[in-house]
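What follows is the residue order along each chain.
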Amino acid sequence: MAERPLTLMAVHAHPDDEATGTGGVLARYAAEGIRTVLVTCTDGGCGDGPGGAKPGEPGHDPAAVVAMRREELEASCEVLKVDHLELLEYADSGMMGWPANDAPGSFWRTPVADGAARLAELLHHYRPDVVVTYDENGFYGHPDHIQANRITMAALAITGLTPKVYWTTAPRSMMQRFGEVMREFGGEQAEPDPAEAAALAEIGLPDEEITTWVDTTEFGGQKFDALAAHASQGENIFFLKMGKERFTDLMGVETFVRVQDTTGAAVPENDLFAGLR
C-alpha cells in the first residue's frame, strides 16, 4: 500500500477566500509535494454580478453569479496547484444582517451538525495532517466564515482525528500598515478615519499572540494571480490595485494561530508542518 501523503486541508467560506488568506500556503506546500485540499462551503451567490451589480439590484442573477464564481474558483485552484477541490454548495449567506442570512438553504441557517457531518466525511477520506480555517469570529464577523469555523471544529470532534489545526489571523502591526496602503490606493483622505482605524484595530491579534508565521514571498505572484482569477469580484478585491510587487511585499507572510497540536513543535513556528516531517 502506498504511503499516505502529507496533506493540508483548508476550509473556506466562499470562492476567492482561498486566495486571500491561504493562497501563499496552498501554493507553497503544493510546490513542496504536499497534497492540498480546498473545501469551499458556499456557492458565492451573494457576490457581485456583471458591472458590480449587488444582490437584489437589476442585473444580479444569483444563478449566473454562482456559475461564474465556480469557474473562477476552479481557475484559482489551477493557479495555486490545489490537488482537490471539494464543494459543499450551501447558499451564500451574504454579510451579517442581510436578508440572505435567513434564506432557505443558506449556510448561516444550516444546522452545524449537518454541515459538520458532511465535512467529517471529507476528513475521513483525506485524513489531513493540517487543517486551516477561520477563528470563532470568522476573522471579521462574516456569518459564513463563523459557520465554517463551527462546522470544522465540530467535524474534528466527530471524527476524533488529531491533525494540527490552525485559524487564520493577521498581526496588528500588519493591519496598521494595511490601513495606510488602503488609503494610498483608495485615494481617501490623508488622515485616517477614526472609525476605520478603530475597526482595523479590532481585526487580527497582537503580534506576540500569533503562533505561526509562514514565509510565502516566493509565491506572491501565484497568490496575486489566484485573486485575479476572481475577476467578477474585482471591485471588492482591493489587493489587485497595488500590483504584484507591492502585493507581495504586503502579503508575503501568512499568519496563523495554532489551536490543536499533538507534535509538541515549539512556537512560534514558521511551518504548518513543523513536527510532522
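Because the structure is predicted, anything quoted here is derived from the model rather than measured.

What counts and what doesn't
- Residues numbered from 1 in each chain as written.
- Predicted model: local features only at pLDDT ≥ 70, side-chain atom pairs only at ≥ 80, totals over all residues.
- Heavy atoms only, no water.
- Helix = DSSP H or I, 4+ residues; strand = E, 2+ residues; numbered from the N terminus.
- Polar contact = N/O pair within 3.5 Å; in protein donor to acceptor, adjacent residues only side chain to side chain.
- Contact = heavy atoms within 4.5 Å.
- Core = buried A, V, L, I, M, F, W, Y, C linked by side-chain atoms within 4.5 Å.
- Buried < 20%, exposed > 50% of the residue type's maximum accessible area, 1.4 Å probe, protein only.
- Salt bridge = Lys/Arg side-chain N within 4 Å of Asp/Glu carboxyl O.
- Pairing = 2+ DSSP bridges.
- Axes fitted to C-alpha atoms, helices over the stretch in contact; angles between N-to-C directions.

## Overview of the side chain of Thr 159
Stage number 1. By the secondary structure assignment, Thr 159 is in helix α5 (residues 143-159).
Stage number 2. Here Leu 161 takes part through its backbone nitrogen, which lies 3.1 Å from a polar atom of the side chain of Thr 159.
Stage number 3. The contact partners of Thr 159, leaving out residues within four places of it in the chain, are Ala 120, Leu 123 and His 124.

## A word on the nonpolar core
Stage number 1. Ranked by internal contacts, the top residues of the largest apolar core, which has 36 residues, are Leu 8, Tyr 29, Phe 239 and Leu 272.
Stage number 2. Of all the secondary-structure elements, those providing two or more residues to this core are β1 (7-12), α1 (17-31), α2 (62-80), β4 (130-133), α6 (172-186), α8 (220-228) and α9 (243-251).
Stage number 3. Top element by residues in this core is α1. It accounts for 5 residues.
Stage number 4. In this view, Tyr 29 contacts Leu 8, Ile 34, Thr 36, Val 214, Asp 271, Leu 272, Phe 273 and Arg 277; residues no more than four positions away in its chain are not counted.
Stage number 5. Membership of the second largest hydrophobic core comes to 24 residues, among which are Phe 107, Leu 122, Ala 148 and Trp 167.

## Digging into the pattern of salt bridges
Stage number 1. Inspection of every chain in the model, using the stated rule, returns 13 salt bridges.
Stage number 2. Residues Lys 164 and Glu 269 are paired through a salt bridge, measuring 3.2 Å at the closest nitrogen-oxygen approach. Highlighted residues: Lys 164 in strand β5 (residues 164-169) and Glu 269 in the segment after β7 (253-260), separated in sequence by 105 residues. We note that Lys 164, like Glu 269, is buried.
Stage number 3. Ionic pairing is found between Glu 269 and Arg 258, a salt bridge with its closest N-O pair at 3.1 Å. Within this pair, whereas Glu 269 is found in the segment after β7, its partner Arg 258 is found in strand β7, the two being separated by 11 residues in sequence. For the residue pair Glu 269 and Arg 258, the accessibility class agrees, reading buried in each case.

## Digging into the sheet that holds β1
Stage number 1. Taken in spatial order, the 7 strands line up as β3-β2-β1-β4-β5-β7-β6 in an open sheet, and their pairing is mixed. Edge strands, defined here as strands with exactly one partner in the open sheet, are β3 (84-90) and β6 (212-215). Taken over all neighbouring pairs, the strand axes of this sheet differ in orientation by 25 degrees on average, direction set aside.
Stage number 2. Note that β6 and β7 share 4 bridges and pair antiparallel. Within the sheet, the bridge partner assigned to Asp 215 lies in β7 and is Val 253.
Stage number 3. Against the sheet, α1 engages β1, β2 (35-42), β4, β5, β6 and β7, with an angle of about 175 degrees to β1.

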